[in-house]
Amino acid sequence: MPRPIVAQIHPDAVAHNLAQARRHTSDARLWAVIKANAYGHGIERVWPGLLAADGMAMLDLAEAERVRALGWRGPILLLEGAFEARDLELCSRLNLWHVVHCDEQIAWLAAHKTHQPHRVFLKMNSGMNRLGFRGPALRSAWARLDALPQVDEISLVTHFSDADADRDGQDGIAWQLRAFVEATHDLPGERSLSNSAAILRHGGCPDVRADWVRAGILSYGSAPDFPAHDAAHWRLRPAMTLKSRLIATQDLQAGDSVGYGSAFRAPRAMRIGIVACGYADGYPRHAPGGHDGPGTPVLVDGLRSRTVGRVSMDMLAVDLTALPGAGIGSEVTLWGHGPRGSLLPIDEVARAAGTISYELMCALAPRVPVEVCDGATEPDR
Ligand SMILES: *Cc1c(COP(=O)(O)O)cnc(C)c1O
């Protein structure tokens, strides 16, 4: 028998989540952000769900090729544009729209031989200070692009650093929105500003949703502003379930320890279960095991419990004291959908482990077998 761990992918949840994004953004067009192999889900695996979007946004040229190979003839946007001059050949051949964020990319375009002018998204650095032009450099870049025969339409794009929260006592997008509108109000072209957090929290504002929104994490069913709001609040459904089974149980006396470093000691007699899941599967090793806190949430047979002790490479331990019915073979949900409609939000696991859902999804290890679930996940809650 194979090790009982499995990741289940739910394409229908992606379609549902993208439909939720549309509820917040009126008639703005919707990019599904599918970088990092669809946030670890696998582009091909969630593909039927992604078809609910108007365009596909990603970083990697090989991923763009995969999307064209799937038969997608709609818009594809490269969020960081070309990494070297010859990347533009693929952009011409596959009709990829691409971000332009630096002078070098403009020079590559100027030297590029193509019969088909490119649609470009000029990136403004509105304050995040990763990519893009600001101030007079933005105007100059726009004018240079406008003069190039290699360039067709110029759209404008920026990215929020704090869309999930407040910044200096104000909502976190106000300062960048102001900078963007000031810098671009007299430039023509379509605009794209919003990531998942901005879509859900500020999509009602026409300047924020603009012409295109970019739905990343929400597509996969995680709340971008957890714990302020959870996925249920935004009516999002998990697109990934990680589950396994108990492969052993142990009865502990008070003072007995669990796992490496004896990091957990039983305060009283208790029963624990050993789960076939460890950090080599992508479960976070830093998930706390309840030595001086509540541990990390898990479901056993759909009922809540918590981890105890350190996560090891292939195993972790869970408290079964309140679950007398649990034993070898019991189903353990590490995150996502559990039995009988139960649910463990990945956001809760990520928070306990001091990280974010994005990292957990992307870290799902190649050794974990993946199943695509075609059936519908739970109905709307
Ligand atoms: C990753 C990314 C997004 C999506 O962000 P989420 O928080 O996952 O919605 C949007 N825009 C850009 C430029 C990105 O790199």
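Criteria and cut-off values
Residues numbered from 1 in each chain as written. Predicted model: local features only at pLDDT ≥ 70, side-chain atom pairs only at ≥ 80, totals over all residues. Heavy atoms only, no water. Domains from an automatic or database assignment. Contact = heavy atoms within 4.5 Å. Buried area = accessible area lost by both parts, 1.4 Å probe. Salt bridge = Lys/Arg side-chain N within 4 Å of Asp/Glu carboxyl O. Polar contact = N/O pair within 3.5 Å; in protein donor to acceptor, adjacent residues only side chain to side chain. Nonpolar A, V, L, I, M, F, W, Y, C, P; charged D, E, K, R; others polar. Pairing = 2+ DSSP bridges. Helix = DSSP H or I, 4+ residues; strand = E, 2+ residues; numbered from the N terminus. Phe/Tyr/Trp six-rings, centres within 6.5 Å; stacked < 30°, edge-to-face > 60°. Buried < 20%, exposed > 50% of the residue type's maximum accessible area, 1.4 Å probe, protein only. Lys NZ or Arg CZ within 6 Å of the ring centre and 35° of its normal. Axes fitted to C-alpha atoms, helices over the stretch in contact; angles between N-to-C directions. Parallel < 35°, antiparallel > 145°, perpendicular 65-115°, else oblique.

As assigned here, the chain comprises domain 1 (11–220) and domain 2 (240–372). Listed per partner, the contact involves eight residues of domain 1 and eight residues of domain 2. Contact with domain 2 buries area across many residues of domain 1, yet Tyr39, Arg45 and Ile217 alone supply 57% of it, more than any other trio. For the interface between domain 1 and domain 2, the tally reads zero salt bridges. Counting the contacts that link domain 1 with domain 2 gives zero residue pairs in polar contact (both at pLDDT 80 or more). Of the residues belonging to the side of domain 1 that touches domain 2, the class tally is five nonpolar, two polar and one charged.

Examined bridge by bridge, strand β1 (residues 6–9) and strand β12 (residues 240–252) share four bridges and lie antiparallel to one another. By the bridge assignment, Ala7 is partnered in β12 with Leu242. Where β12 and strand β19 (residues 331–337) come together, four bridges link them in antiparallel fashion. Opposite Lys243, over in β19, you have Thr333 as the bridge partner. Inspection of the sheet shows β12 paired to strand β15 (residues 270–275) by six bridges, in the antiparallel sense. Along β15, the bridge assignment pairs Leu252 with Met270.

In this structure the tally under the stated criterion is nine aromatic pairs. Judged by centre distance (6.0 Å) and plane angle (90°), the ring pair of Trp97 and Trp212 falls under edge-to-face. Taken as a pair, Trp97 in strand β5 (residues 97–100) and Trp212 in strand β11 (residues 212–215) lie far apart in primary sequence, 115 residues in all. Under the relative-accessibility criterion, Trp212 is labelled buried at 2%. Geometrically, the ring pair formed by Tyr283 and Trp335 is stacked, given 6.3 Å between the ring centres and 15° between the ring planes. Taken together, the residues Tyr283 in the loop between β15 and β16 (297–300) and Trp335 in strand β19 connect sequence positions 52 residues apart. With a relative accessible area of 1%, Trp335 lands in the buried category. A network of ring pairs unites the aromatic residues Trp31, Trp97, Phe121 and Trp212 as a single cluster. If you follow Arg119 out to its NZ or CZ, it ends over the ring of Trp97, 4.2 Å from the centre.

Now for the packing of helix α6 (residues 103–110) against helix α7 (residues 136–146). For any two helices packed against each other, one specifies the crossing angle of their axes together with the interaxial distance. Where α6 contacts α7, the axes come no closer than 11 Å and their chain directions differ by 10°. When the axes of α6 and α7 are compared, the pair comes out roughly parallel. Within the contact between the two elements, α6 uses Asp103, Ile106 and Leu109 and α7 uses Ala141, Arg144 and Leu145. For the contact of α6 with α7, the class distribution of residues is four nonpolar, no polar and two charged.

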